[in-house]
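What follows is the residue order along each chain.
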Amino acid sequence: MASFFRARRVSLTAAATLTAAVTGSYVALRIPNISSNDLNNNKALNTIRDKIINNPVVPSRDFQQSSLIGANHSNPLDILVVGGGATGCGVALDAVTRGLRVGLVERDDFSSGTSSRSTKLIHGGVRYLEKAVFNLDYGQLKLVFHALEERKQVIDNAPHLCHALPCMTPCFSWFEAVYYWVGLKMYDLVAGRRLLHLSRYYSAQESAELFPTLARKGKDRSLKGTVVYYDGQMNDSRVNVGLACTAALAGAAVLNHAEVVSFLKEEGGERIIGARIRDNLSGAEFDTYAKVVVNAGGPFCDSVRNLADKEAKPMICPSSGVHIVLPDYYSPEGMGLIVPKTKDGRVVFMLPWLGRTVAGTTDSNTSITMLPEPHEDEIEFILDAICDYLNVKVRRTDVLSAWSGIRPLATDPNAKNTESISRDHVVCEDLPGLVTITGGKWTTYRSMAEDAVDAAIKSGKLNPANSSLTSNLRLVGGDGWDPAFFTVLAQEYVRMKVSHTGKVVPGVMDTAAAKHLSHSYGTMGEKVASIAQKENLGKRLAHGYPYLEAEVAYCARNEYCESAVDFIARRSRLAFLDTDAAGRALPRVIEILAAEHQWDKQRQKQEFESATKFLESFKSSKNAQFYDGKHT
């Protein structure tokens, strides 16, 4: 049997690509053409990597705001990005690494919207492949090819925050077993060299050992076996914050809690040449000029477009996706459960995530709001759906957190047929100087950003120094990281804690805390561990969770954490994992942030009220609106 080895070019001195067939009889050598553009790209990439690795200190928020104010009419930015979600921060990173002068503003926090409320999966789209095959739809097949390529790219670019996850699909008939096995083997085939791991079939007995809570018998059915395949999983908001910080390190002026209130237009013309921006922390307003504005507002991109043209045709058809978090015993560590089609035709899943279980999801029409809330009937639907596949009692009281995210399904306003809503992304410039990027999904954020920057370069006749580099650029904390990095933290650092009596006592940097710091911050975890040791901030913020006080200080200094909600929801994931635990940690989080940002008592009170209101939108069992007796 032949096996193949693919050698990646690791430097400019690599003169050939070798493909060897072990049982074959030849060796083929190909001398690559190294163009001046390749040389230029490699030089730019090495320069940016040096900045990120050797001096990973982001500019202060005040400095970033000054940079935006300094972008005046005679010295404008090349690109101003509106929106700090995955796509917006991806655009900023792609553009700045091409040598363009870039600014970004986000009215709330990086990843405060849809990007922090995702399924946490990095996937190619098994369902799209099924549609492509049965509908002979080449467009759907292209979507899957592209998403599978980007899936591996996301994992490679943020290895500390992303990983491969085996997902089990139960089969209750032999037809299902064959159907899913063939389908998922096709999924492997389409992935090609971007394959994570091969799918395989397991018997009912083997499946029960791998997933002990999976029901082997149900209503008039019995488990025949399962097919396990692999997709990716991520800590979504931390990837998003990593994108923002990496862009800042590369030279972009990124500013959260800063809102576009109006657009600036050229005198006597319609072209947009900048924006009026309000700092939502201070209330101050200022103008920033740019050759092109990129609208990456996600579900709110129509609101941004309406600032420029009140008659602009809507692009967004919002869809709500609700997820719930359950205790870890609902699913084993390292194995997810995905049912492609439930009795009512929906997809349901249970995935291990950060020591708990995420279950979902729904897909229903919704209105666009800043703080979407899950409805009780949606939570009950998810509980009902997973109940059919588990041998444990499913209880509403086990719901630790529940949240709703708005998917920005998009239509192209310039398309002749506007009836078709796309799961793919749309890039358009229906208003001069305003390029809009929307739709798509988390998995393909990088290529979406690349497409948006290409469109902005064309619109503004910009002159980038090089082509896109993001396919080979790791996010801050990712370079030099490996899965064993947590051992360095465990062996070389201690957690110095202040006891309730005021005495400073040492505590071990246990494996749970070390692994958490390693996987949340990558190589930057050493900085957090150092703060825990040197500044006596080694105590846990909430019982049963590995989050440390030192993280609050680190995020305030290095990740633009400007509010309590910024920390409990996006820098840590405590609000998403356990709403009640986040509430208990809140006073201490505010106390540390107050020391970092010099907040007065009034600001601290406002932060507590704001964060409490935010947590009430996460419908944990404590915040349940009613009980119908089904899951008690």
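Small disclaimer: the values here were computed from a predicted structure and weren't measured. (Residues numbered from 1 in each chain as written. Predicted model: local features only at pLDDT ≥ 70, side-chain atom pairs only at ≥ 80, totals over all residues. Heavy atoms only, no water.)

Student: Quick question: what am I supposed to make of the packing of helix α15 (residues 549–558) against helix α18 (residues 579–597) here?
Tutor: Angle between the axes and distance between the axes: these two values describe a pair of packed helices. Remark: α15 packs on α18, axes separated minimally by 9 Å, with the N-to-C direction vectors making an angle of 40 degrees. Once α15 is placed against α18, the crossing between them reads as right-handed. Touching E549, V552, A553, A556 and R557 of α15 are R588, V589, I592, L593, E596 and H597, all from α18. Counted by class, the contact of α15 with α18 contains 6 nonpolar, 1 polar and 4 charged residues. (Axes fitted to C-alpha atoms, helices over the stretch in contact; angles between N-to-C directions. Helix = DSSP H or I, 4+ residues; strand = E, 2+ residues; numbered from the N terminus. Left-handed = near helix turned anticlockwise from the far one by under 90°. Contact = heavy atoms within 4.5 Å. Nonpolar A, V, L, I, M, F, W, Y, C, P; charged D, E, K, R; others polar.)

Student: Just to check I follow, could you spell out the pattern of salt bridges for this structure?
Tutor: Proximity of charged atoms lets side chains of opposite charge pair with each other. Scanning the entire structure with this criterion turns up 33 salt bridges. As a salt-bridge pair, R61 and D279 come within 3.1 Å of each other at their nearest N and O atoms. One end of the pair, R61, is in helix α2 (residues 61–69); the other, D279, is in strand β13 (residues 272–279), with 218 residues separating them in the sequence. The same class applies to R61 as to D279, namely buried. Notably, a salt bridge pairs R396 with E376, separated by 2.7 Å at the nearest N-O pair. One end of the pair, R396, is in the loop between α10 (376–387) and β20 (401–410); the other, E376, is in helix α10, and 20 residues separate them in sequence. For R396, a relative accessible area of 1% gives the class buried. On the basis of relative accessibility, which here comes to 2%, the residue E376 falls in the buried class. When salt bridges with common partners are traced through the structure, they connect D108, D109, D566, R570 and R571 into a single cluster. (Salt bridge = Lys/Arg side-chain N within 4 Å of Asp/Glu carboxyl O. Buried < 20%, exposed > 50% of the residue type's maximum accessible area, 1.4 Å probe, protein only.)

Student: So what exactly am I meant to see when it comes to the environment of G544 here?
Tutor: One can find G544 in the loop between α14 (525–534) and α15. On the accessibility criterion, G544 (53% relative accessible area) is exposed. Taking the C-alpha atoms as reference, G544 lies 8.8 Å from A581; in sequence the two are 37 residues apart.

Student: Even after reading the chapter, I still don't get the packing of helix α16 (residues 564–571) against helix α19 (residues 601–616), so can you show me in this structure?
Tutor: At their nearest, the axes of α16 and α19 sit 8 Å apart, and the two run at 35 degrees to each other. Each of A564, V565, I568, A569 and R570 in α16 lies in contact with α19, whose residues at this interface are E607, S610, A611, F614 and L615. Considered class by class, the residues forming the contact of α16 with α19 number 7 nonpolar, 1 polar and 2 charged.

Student: Quick question: what am I supposed to make of helix α13 (residues 511–521) here?
Tutor: Taken residue by residue, α13 has A513, A514, H516, L517, S518, S520 and Y521 as its buried positions. Close packing links the buried residues of α13 with α8 (236–250), α12 (486–492), β23 (494–498), α14 and α15. Capping the start of α13 is the job of one residue whose side-chain oxygen sits 3.2 Å from the backbone nitrogen of A512: D510. One or two residues past the end of α13 sits G522, with phi positive at roughly 60 degrees. (Polar contact = N/O pair within 3.5 Å; in protein donor to acceptor, adjacent residues only side chain to side chain.)

Student: How should the environment of Y128 be read in this particular structure?
Tutor: One can find Y128 in helix α4 (residues 126–134). As a C-alpha pair, Y128 and K497 span 369 residues in sequence and 51 Å in three-dimensional space.

Student: Honestly, helix α5 (residues 138–157) in this entry has me stumped. Any pointers?
Tutor: A turn of α-helix holds 3.6 residues, and therefore any two residues three or four places apart point the same way. Counted at 1.5 Å a residue, the expected span for α5 with its 20 residues is 28 Å, and the 29 Å between its end C-alpha atoms agrees. Buried within α5 are the following residues: Q140, L143, V144, A147, L148, E150, R151, Q153, V154, I155 and N157. Against β5 (121–122), α4, β6 (162–171), α6 (174–191), β10 (225–234) and α11 (445–460) lie the buried residues of α5. Its side-chain oxygen at 3.1 Å from the backbone nitrogen of Q140, D137 defines the N-terminal cap of α5. (Expected span 1.5 Å × (residues − 1).)

Student: So what exactly am I meant to see when it comes to the nonpolar core here?
Tutor: One recurring pattern in soluble globular proteins is that nonpolar side chains are buried together. In terms of nonpolar packing, the biggest core is built from 132 residues, with I79 and C162 touching the most fellow members. Sequence-distant contacts of I79, defined by excluding residues within four places in its chain, comprise A95, L100, R101, V102, G103, A290, V292, V294, V453, A456 and L462. With 29 residues, the next largest nonpolar core counts F211, Y330, M350 and V394 among its residues. (Core = buried A, V, L, I, M, F, W, Y, C linked by side-chain atoms within 4.5 Å.)

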